[in-house]
Amino acid sequence: MKRTAVLAIAAALTLGACSSADGDAVPVEAALVDYSITLSPAEVPAGRVSFAISNTGDLTHEFEVLEGNGDSITVDKGVADTSSLTVIDEVEDIIPGGTPTLTVDLESGVYTVLCNLPEHYERGMVTTLTVTP
Amino acid sequence: MLTTFVIGLREGVEAALIVGIIASVLRRDGDRRAFRAMWAGVALAVLLCIGVAVGLRVAGSQLPFRSREIMEGILTLVAAAGVLYMVAWMRRHAHELKPELEEKTADALRDGSTWALVGLAFFAVIREGLETAIFLVALVGGTANPVVGLTGGLLGILTAVAIGWGIYRGGLRFDLRRFFRVTGVVLVVLAAGLVASAVHSFAEAGLIGFWQAPAVDLSAILAPGTVRAALLTAFLGLQPVPTYLELAVWIAFLVPALVFVLSPPPNRPTEVVTP
């Protein structure tokens, strides 16, 4: 009983440490323009990934990271229906010249990165990130 | 500059409307203490927002997406409940707040309900301000041109404050019954938008999964990045392309609420005047 408690506390501490340390994140540059998203590199090992986003377009954009490949996405009234995918995280209101960062923990698999402001997706603001084990 | 101006305006307008209306009510109520407490609350809320935003920035951390959306959804629902309470309060007290009765009613109104309004003003600023402060703080070091972006954002907020100030002056000048009728309509539209936004947040967090297809494309009117879109989005609380669920909730809330606000207030008991 006591041992379980100690383990639980240790686990909690480890998790806490994991989610607060940013140093070991793999950097990915995410370039947003009107209308495309380019990730470099587009393939990273599983773990903490830090997107250095940079909007060099003339419009405000957003940056959504979704789990799963985007093949099942359909467009209706200018927005992508992403209900078949799970949202990992997002940054909204990225103004022209904006350079926010977004740090997420990713398991191995395929991820879809897109901007879902009306019509931005269908004009080409979508790309894929591959996370290897 | 225009982009951040629009964002500042969009985020600030809702809180400015609520605070402006509450300020004019408390002023007419004649309860000086509550009026002053409201401003202290608003100032405290602004400072808290800036403090939290700077703190998060320094710590370099952010709330996980799901908890962020769920927290936002809950805060938004609480705000909607607060706004509804305010509408009901104004309806009930409209006749007591006539300027000529100011002195006599001050005592009667100095109860818990006045302080609930003070609390709502604080809450309205916290709700909108936190997000705005985080956005503005992120501009520093997060944009190629932080000064221009910040100036735009602050000018947007100032414009929102000016709108709130206009409402406050209007509330002092105009016949209260009419003022409450008009602001009541504004407030229930605002509350309906808040409930729809809460639905949007819960859907983003994955808690709600039905009727998520886009219902209608309003992006021609609500094109992100324009002043008109900022005011309409803040006021209506609708996404540029709302889902069927968001639209249904918005209408289901708005219609009965409008009927309630526009129906004549309950008659007050006739006073017996003894010479």
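A. Just the overall build of chain A, in detail. Regarding its fold elements, chain A presents one helix and eleven strands. Helices (α) and strands (β) of chain A occur, in sequence order from the N terminus, as α-β-β-β-β-β-β-β-β-β-β-β. Out of the 133 residues in chain A, the part that is buried amounts to 40%. In the structure as shown, chain A presents an accessible area of about 6,700 Å², 56% of it carried by carbon and sulfur atoms.

B. Structural view of the packing of helix α1 (residues 2-29) of chain B against helix α7 (residues 176-204) of chain B. Residue and element names in this part refer to chain B. α7 packs onto α1 with a crossing angle of 150° between their chain directions and a minimal axis gap of 11 Å. Once α1 is placed against α7, the crossing between them reads as left-handed. Residue-level contacts link E14, L17, I18, I21, S24, V25 and R28 of α1 to L176, F179, F180, T183, V186, L187, L190 and L194 of α7. The residue inventory of the contact of α1 with α7, partitioned by class, reads eleven nonpolar, two polar and two charged.

C. Local environment of the sheet that holds strand β5 (residues 61-67) of chain A. Residue and element names in this part refer to chain A. Read from one edge to the other, the open sheet built from five strands follows the order β3-β11-β10-β5-β8, with strand pairing classed as mixed. Taken across any chain shown, the strands that pair with only one partner, and hence form the sheet edges, are β3 (43-45) and β8 (86-94). On average, adjacent strands in this sheet sit at an angle of 20° to one another, irrespective of strand direction. Note that β3 and strand β11 (residues 126-132) share three bridges and pair parallel. Residue pairing for β11: E43 is matched across the bridge by T130.

D. Up close: the interface of chain A and chain B. Contact residues are listed per partner, giving 20 residues for chain A and 24 residues for chain B. Taking both partners together, chain A and chain B bury about 1,700 Å²; carbon and sulfur atoms supply 55% of that area. Looking at the side of chain A facing chain B, the largest losses of area belong to K77(A), D93(A) and I95(A), adding up to 32% of the total buried there. Of all the elements in the fold, those that place two or more residues in the side of chain A that touches chain B are β8 and β9 (101-106) of chain A. Top element by residues in the side of chain A that touches chain B is β8(A). It accounts for six residues. Residues of the side of chain A that touches chain B, tallied by class, amount to eight nonpolar, six polar and six charged.

E. A look at the environment of P41(A). All names here are of chain A. If you trace the backbone, P41 turns up in the loop between β2 (36-40) and β3. In sequence terms P41 and P100 are 59 residues apart; their C-alpha atoms lie 18 Å from each other. What P41 contacts, discounting residues up to four positions off in sequence, is P27, V28 and L129.

F. Fine view of α7(B). With 29 residues, α7(B) should cover 42 Å at 1.5 Å per step; its first-to-last C-alpha distance of 40 Å lies within 8% of that length. Positive phi shows up at G206(B), right after α7(B), with a value of about 85°.

G. Broad picture of the side chain of T243(B). Position of T243(B) among the secondary structure elements: in the loop between α8 (227-236) and α9 (244-262). With sequence-adjacent residues up to four places away left out, T243(B) is seen in contact with W211(B), Q212(B), A213(B), P214(B) and A215(B).

H. Inspection of unusual backbone geometry at higher detail. Cis geometry marks the peptide bond from D34(A) to Y35(A), where omega comes out at 0°. If you trace the backbone, Y35(A) turns up in the loop between β1 (26-33) and β2. P41(A) follows S40(A) through a cis peptide bond whose omega is 0°. Non-glycine residue D93(A) carries a positive phi angle of around 50°. Taking the relative accessible area as the measure of exposure, D93(A) reaches 22% and is therefore partly exposed. Of note, W211(B) is a non-glycine position whose phi angle comes to about 55°, a positive value.

I. Highlighting the sheet that holds strand β4 (residues 47-55) of chain A. Residue and element names in this part refer to chain A. The sheet built from four strands is open, its strands ordered β2-β1-β4-β9 with mixed pairing. Strand pairing shows two members of the sheet lacking a second neighbour, β2 and β9, which therefore form its edges. Going across the sheet, the axis of each strand differs from the next one's by a mean of 25°, ignoring polarity.

Conventions used here
Counting restarts for each chain, with residues numbered from 1 along the sequence as it is written. Here chains are named by letter from A upward and ligands by number from 1 upward, in the order in which they appear as written. Where totals are concerned, whole chains, interfaces and linings use all residues; where local detail is concerned, this predicted model gives features only for residues with pLDDT of at least 70, and gives and counts side-chain atom pairs only at 80 or more. Only heavy atoms go into the side-chain values, all of them from the structure, while hydrogens and water stay out. Helix and strand labels come from DSSP, where a helix needs a run of H or I of at least four residues and a strand needs a run of E of at least two; each type is numbered from the N terminus. Note on exposure labels: buried denotes an accessible area under 20% of the residue type's maximum, exposed denotes more than 50%, and partly exposed covers the range between, all computed with a 1.4 Å probe on protein chains only. Accessible surface is estimated by sampling points in the Shrake-Rupley manner with a 1.4 Å probe; for residues, cover comes only from the protein chains shown. Fitted lines through C-alpha atoms serve as axes, helices being fitted only where they are in contact, and the angles separating the N-to-C directions of these axes extend from 0 to 180 degrees. For any helix crossing, the convention is left-handed if the near helix is rotated counterclockwise from the far helix by under a right angle, and right-handed if that rotation is clockwise. Note on contacts: a residue pair is in contact if any heavy atoms of the two residues lie within 4.5 Å. Ten residues, namely Ala, Val, Leu, Ile, Met, Phe, Trp, Tyr, Cys and Pro, are considered nonpolar, four, namely Asp, Glu, Lys and Arg, are considered charged, and the remaining ones, Gly among them, are considered polar. Any two strands with at least two DSSP-identified bridges between them are counted as paired. When two components associate, each loses some accessible surface as probed by a 1.4 Å sphere; the sum of these losses over both components is called the buried area. Here the expected span of a helix is defined as 1.5 Å times the quantity of residues minus one.

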